[in-house]
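Each chain, written out:
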Amino acid sequence: MGAGDLWLLIGNSRWHWVEALAEAASDPGSPVLRFSHSPPPPDPALLPWERLRAWAAVGPVPFQGRENTCQLAPMEGRRLQLEQVPLQQLPPWLGIDRALVGWQAWQRQGRLGRGAVLVADAGTALSLTRIGATGAFAGGRLQPGVSTQLSCLGRVTELLPLLVPGPEGLDHLAEAIDPWPIETEQAMRVGCLLGLSAAVAQAWRDLQPLEPTALWLTGGDAPSLAPLLRREQVPFKLAPELALEALVALSSDPDPRGSAGPSPRP
């Protein structure tokens, strides 16, 4: 890993970046990685692809089939594929983002004594991914995320407004939530947040009789769900950048530079 190296996860609605910071080499106490999240760029061809060490995608890849495909063709060799995530029993149709967060949570749980994990990835969709204690994919659940629910309500109803979370997110709402708001917009946001937190809490409870399972919370809306899960007295570990951490870890020794070779399965 060198200063200035980049990693990219193309999501459904945003692009998620990691950058290795220059100051990390001279100051071991400073953060090694910087995470950032933004809408898809208007002209991807202008981005510094030469610095990209590895990437993965669950959303549309904008440069495929366009004039700049040849210019960006070397990127394909740096793409992390599902079969390179060292989990057992991964179905070939699973999204790479779910595999990444599942593997990273299972790895980190291993440092705490091992065991099964349930990863709640709260983004455009809320994905619940279960990884058994031996590192095998064991199923999951999917439902619309907060922003998807809010935008859908505005589009398919006559009287409800079209809402999107602001740049400050929903953290402030979750911290001081009124369970029975009067205003329509607040009622929409509260209803979506409480519904998602209840789904996560119930999924975790459903697993406990089957196998002791640790809950890991990640994704852009994870900080918003955290206080609601605390109210439910559900123990969890908050790690908003699991997918990007996994992308970096699985491409830490690429050869040639940027291409991540398959890792041995546990």
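Here goes a summary of the coordinates provided. Each residue is numbered by its place in its chain's sequence as written, counting from 1. Thresholds applied to this predicted model are a pLDDT of at least 70 for local features of residues and 80 or more for the giving and counting of side-chain atom pairs; totals over whole chains, interfaces and linings are not thresholded and use all residues. The basis for the side-chain values is all heavy atoms of the structure; hydrogens and waters are excluded.

## A closer look at the packing of aromatic side chains
(1) Moving on: Note on aromatic pairs: the rings of Phe, Tyr and Trp (six-membered ring only in Trp) are paired at centre separations within 6.5 Å, and the planes decide the class, stacked below 30 degrees, edge-to-face beyond 60, tilted for the rest. Applying the stated criterion across every chain yields a total of three aromatic pairs.
(2) Moving on: For the pair Trp 15 and Trp 49, a centre-to-centre distance of 6.3 Å together with 55° between the ring planes defines the contact as tilted. Residue Trp 15 is located in strand 2 (residues 15–20), and its partner Trp 49 is located in the loop between strand 3 (33–38) and strand 4 (52–57); the two are separated by 34 residues in the primary sequence. For the residue pair Trp 15 and Trp 49, the accessibility class agrees, reading buried in each case.
(3) Moving on: For the ring pair Trp 17 and Trp 49, a centre distance of 6.3 Å and an interplane angle of 35° mean the geometry is tilted. Separated by 32 residues along the polypeptide, Trp 17 in strand 2 and Trp 49 in the loop between strand 3 and strand 4 bring together distant segments of the chain.
(4) Moving on: A residue is classified by how much of its surface remains accessible, and Trp 17, at 13% relative accessible area, is buried.
(5) Moving on: Exposure remark for Trp 49: the relative accessible area of 6% places this residue in the buried category.
(6) Moving on: Pairwise contacts between aromatic rings join Trp 15, Trp 17 and Trp 49 into one cluster. Helix and strand definitions follow DSSP, with helices as H or I runs of at least four residues and strands as E runs of at least two, each counted in order from the N terminus. Each residue gets one of three labels from its accessible area relative to the maximum for its type: buried under 20%, exposed over 50%, partly exposed in between, using a 1.4 Å probe on protein chains only.

## Let's talk about the sheet that holds strand 8 (residues 213–218)
(1) Moving on: If DSSP finds at least two bridges between two strands, the strands pair. Read from one edge of the open sheet, five strands run 7-6-5-8-9, paired in mixed fashion. Both edges of this open sheet fall to strand 7 (137–144) and strand 9 (237–238), since each of them pairs with a single strand only.
(2) Moving on: Pairing of strand 6 (residues 125–131) with strand 7 involves six bridges; the strand directions are antiparallel. The residue of strand 7 that forms the bridge with Leu 128 is Arg 141.

## Describing the nonpolar core
(1) Moving on: Within the largest apolar cluster, 33 residues are counted, with the highest numbers of intra-cluster contacts made by Leu 80, Val 85, Leu 90, Leu 100 and Trp 216.
(2) Moving on: Secondary-structure elements contributing two or more residues to this core are strand 1 (6–10), strand 2, strand 4, helix 2 (96–110), strand 5 (116–122), strand 8 and helix 7 (242–250).
(3) Moving on: In this description, a nonpolar core means a group of buried Ala, Val, Leu, Ile, Met, Phe, Trp, Tyr and Cys residues linked to one another through side-chain atoms lying within 4.5 Å. Counting residues in each nonpolar core, the second largest holds 28 residues, with Val 200, Ala 203, Leu 215 and Ala 226 among its members.

## As for the sheet that holds strand 1
(1) Moving on: Read from one edge to the other, the open sheet built from four strands follows the order 3-2-1-4, with strand pairing classed as mixed. Taken across any chain shown, the strands that pair with only one partner, and hence form the sheet edges, are strand 3 and strand 4. Averaged over all neighbouring strand pairs, the angle between strand axes comes to 15°, with direction disregarded.
(2) Moving on: Direction of pairing for strand 1 relative to strand 4: parallel, over a ladder of five bridges. Directly across from Trp 7, in strand 4, lies its bridge partner Ala 54. All axes here are fitted lines through C-alpha atoms, helices being fitted over the stretch that makes contact, and every angle between N-to-C directions spans 0 to 180 degrees.

## Overview of the packing of helix 3 (residues 146–156) against helix 5 (residues 184–207)
(1) Moving on: One can describe the packing of helix 3 onto helix 5 by two numbers: an axis separation of 10 Å at closest approach and a directional angle of 140°. As the angle between them shows, helix 3 and helix 5 are arranged oblique. Considering how the two elements wind past one another, helix 3 and helix 5 form a crossing that is right-handed. Contact with helix 3, carried on its side by Val 146, Gln 149, Leu 150 and Leu 153, involves Met 188, Arg 189, Cys 192, Leu 193 and Leu 196 of helix 5 and no other residues of that element.
(2) Moving on: Lys, Arg, Asp and Glu make up the charged group, whereas Ala, Val, Leu, Ile, Met, Phe, Trp, Tyr, Cys and Pro make up the nonpolar group; the residues left over, Gly among them, are polar. Looking at the contact of helix 3 with helix 5 residue by residue, the classes come out as seven nonpolar, one polar and one charged. For classification purposes, an angle smaller than 35 degrees is called roughly parallel, one larger than 145 roughly antiparallel, one from 65 to 115 roughly perpendicular, and anything else oblique. Crossings are assigned a handedness: left-handed for a near helix turned anticlockwise from the far helix by less than a right angle, right-handed for a clockwise turn. Any two residues whose heavy atoms approach within 4.5 Å at even a single point are treated as in contact.

## Notes on the environment of Gly 220
(1) Moving on: Of note, Gly 220 is situated in the loop between strand 8 and helix 6 (222–231).
(2) Moving on: With relative accessibility at 47%, the residue Gly 220 sits in the partly exposed group.
(3) Moving on: For Gly 220 and Glu 241, which are 21 residues apart along the polypeptide, the C-alpha to C-alpha distance reads 8.5 Å.
(4) Moving on: Not counting residues within four places of it along the chain, the set of residues in contact with Gly 220 comprises Arg 14 and Ala 122.

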